[in-house]
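Residues per chain are reported as follows:
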Protein chains: 2
Amino acid sequence: MPEAEHTHPNVTAPATGDWRAELRAKGYRLTPQRELILAAIEDLGHATPDEVLAHVQERVSSVNASTVYRTLEVLEDLGLVRHAHLSDRAPTYHSVSGHEHFHLKCRGCGQVTSVDVDLASALTDRLADELGFVADIGHLTVFGRCSRCAG
Amino acid sequence: MPEAEHTHPNVTAPATGDWRAELRAKGYRLTPQRELILAAIEDLGHATPDEVLAHVQERVSSVNASTVYRTLEVLEDLGLVRHAHLSDRAPTYHSVSGHEHFHLKCRGCGQVTSVDVDLASALTDRLADELGFVADIGHLTVFGRCSRCAG
DNA sequence: TTGGTTGCAAACTTTTTGCAAGCGT
DNA sequence: ACGCTTGCAAAAAGTTTGCAACCAA
């Protein structure tokens, strides 16, 4: 499959520093690894655990893969990052500092596009009205073909 | 996570036998394994490769896991089965003999619900009109909370 | 007979886990 | 000092691959 490129460069708001307080409030500790991993995700926009690890290790080579997995879980619990499944393989994590969005993935060129959740409101409304189902659109990935590849 | 139960028992149309011809037409061969694996998916409704293997092995213990993976790929190529990601782990395969549908997965109780693709037409239309993106709704899984678990 | 298929074993990729040492608070 | 965290190594889970024997056509 072609390499994924992203149409929505992550122009994220800088971490306010108040997440560190929330982290402690939940009984977690603030460690260099956690700051590095969160920063990596904000740098990379969308990244798999593997890519996060590589990015972090460019500066601090001693950081371990298990730490990345464990930290990603903590950061997701804190609501600082989210993940989606952009391929049949590893999940992709992204920062939540911006607006909530879901993803479109083109099977032709591999391009990933971020779309505002509003665009799916018709679906979420119907699911809620007709089935009482509260959808988590931020986790959604819609596969298909982009305009160029659909032809 | 709770075990998934399914609200849409697969009442699939019996294989007409004409898939065997299509299979040969594409240069594939008709083998007992392929018939068993397709039958397993129609029996099970929704199943991971692992579950398919276990089901097939109840009758023919010699069937191998690689054969299941390879066959699932062939069957999907023929359009006889499809897969969706109902968990962060193994993919789930289902028969395409019925109507096309996408899935709802409840994070509370794990329940999986099949929903007719029509219900998502508002989303697919907007994606097509505004972005030219042709969505493959049959592959979609929407995570969230069912009416009971949403409270 | 020909070449697509299968079973087997080994390799691989991604993620999880046990544990002792380390460090944030 | 207490106990959450980390690095490491091994295990687990899921999938893929090379290859010789096998069998559908």
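Residues numbered from 1 in each chain as written. Chains lettered and ligands numbered in written order. Predicted model: local features only at pLDDT ≥ 70, side-chain atom pairs only at ≥ 80, totals over all residues. Heavy atoms only, no water.

Participant: I'm lost on the sheet that holds strand β1 (residues 46-47) of chain A in this one. Help?
Facilitator: Residues and elements named next belong to chain A. Spatially, β1-β3-β2 is the arrangement adopted by the three strands of the open sheet, whose pairing is antiparallel. Either end of the sheet is taken by a strand with one partner, and the two such strands are β1 and β2 (81-84). By the bridge criterion, two bridges tie β1 to strand β3 (residues 92-95) in an arrangement that is antiparallel. Looking at β3, one finds that A47 is bridged to Y93. Running at roughly 110 degrees to β2, helix α4 (residues 65-77) makes contact with β2 and β3 of the sheet. (Pairing = 2+ DSSP bridges. Helix = DSSP H or I, 4+ residues; strand = E, 2+ residues; numbered from the N terminus. Contact = heavy atoms within 4.5 Å. Axes fitted to C-alpha atoms, helices over the stretch in contact; angles between N-to-C directions.)

Participant: Just checking my understanding: could you explain the relation of the copies chain B and chain A for this structure?
Facilitator: One chain copy maps onto the other through a rotation about an axis and a shift parallel to that axis. With an axial shift of 0.0 Å and an RMSD of 0.1 Å, the rotation relating chain B to chain A amounts to 179 degrees. Those values place the two copies in the arrangement expected of a two-fold rotation axis. Most of the interface of chain B is mirrored in chain A: 100% of its interface residues are interface residues there too. (Least-squares fit on C-alpha atoms with pLDDT ≥ 70 in both.)

Participant: I'm lost on the nonpolar core in this one. Help?
Facilitator: Most often, soluble globular proteins keep nonpolar side chains buried together rather than apart. Counting 30 residues, the largest nonpolar core has F102 and V142 of chain A together with F102 and V142 of chain B as the members making the most contacts within it. The set of elements that each furnish at least two residues to this core consists of β4 (101-106) and α5 (121-131) of chain A together with β4 (101-106) and α5 (121-131) of chain B. Non-local contacts of V142 of chain A, meaning those with residues more than four positions away in its chain, are made with F102, H103, L104 and K105 of chain A together with L127, F133, A135 and L140 of chain B. Formed by 19 residues, the second largest nonpolar core is a distinct cluster that contains A40, L53, V63 and V68 of chain B. (Core = buried A, V, L, I, M, F, W, Y, C linked by side-chain atoms within 4.5 Å. Buried < 20%, exposed > 50% of the residue type's maximum accessible area, 1.4 Å probe, protein only.)

Participant: Any chance you could explain the protein's contact with DNA strand D here in plain terms?
Facilitator: Close to DNA strand D lie 22 residues, the nearest being R29 and T67 of chain A together with R24, Y69 and P91 of chain B. Within the backbone of N64 of chain A, an N or O atom sits 3.3 Å from a phosphate oxygen of DNA strand D. Side-chain polar atom of R24 of chain B to a phosphate oxygen of DNA strand D: 2.6 Å apart, as the coordinates give it. Elements that contribute at least two residues to the surface near DNA strand D include exactly α2 (32-44) and α4 of chain A together with α4 (65-77) of chain B. Among the residues forming the surface near DNA strand D, the class breakdown is six nonpolar, eight polar and eight charged. (Near = heavy atom within 4 Å. Polar contact = N/O pair within 3.5 Å; in protein donor to acceptor, adjacent residues only side chain to side chain. Nonpolar A, V, L, I, M, F, W, Y, C, P; charged D, E, K, R; others polar.)

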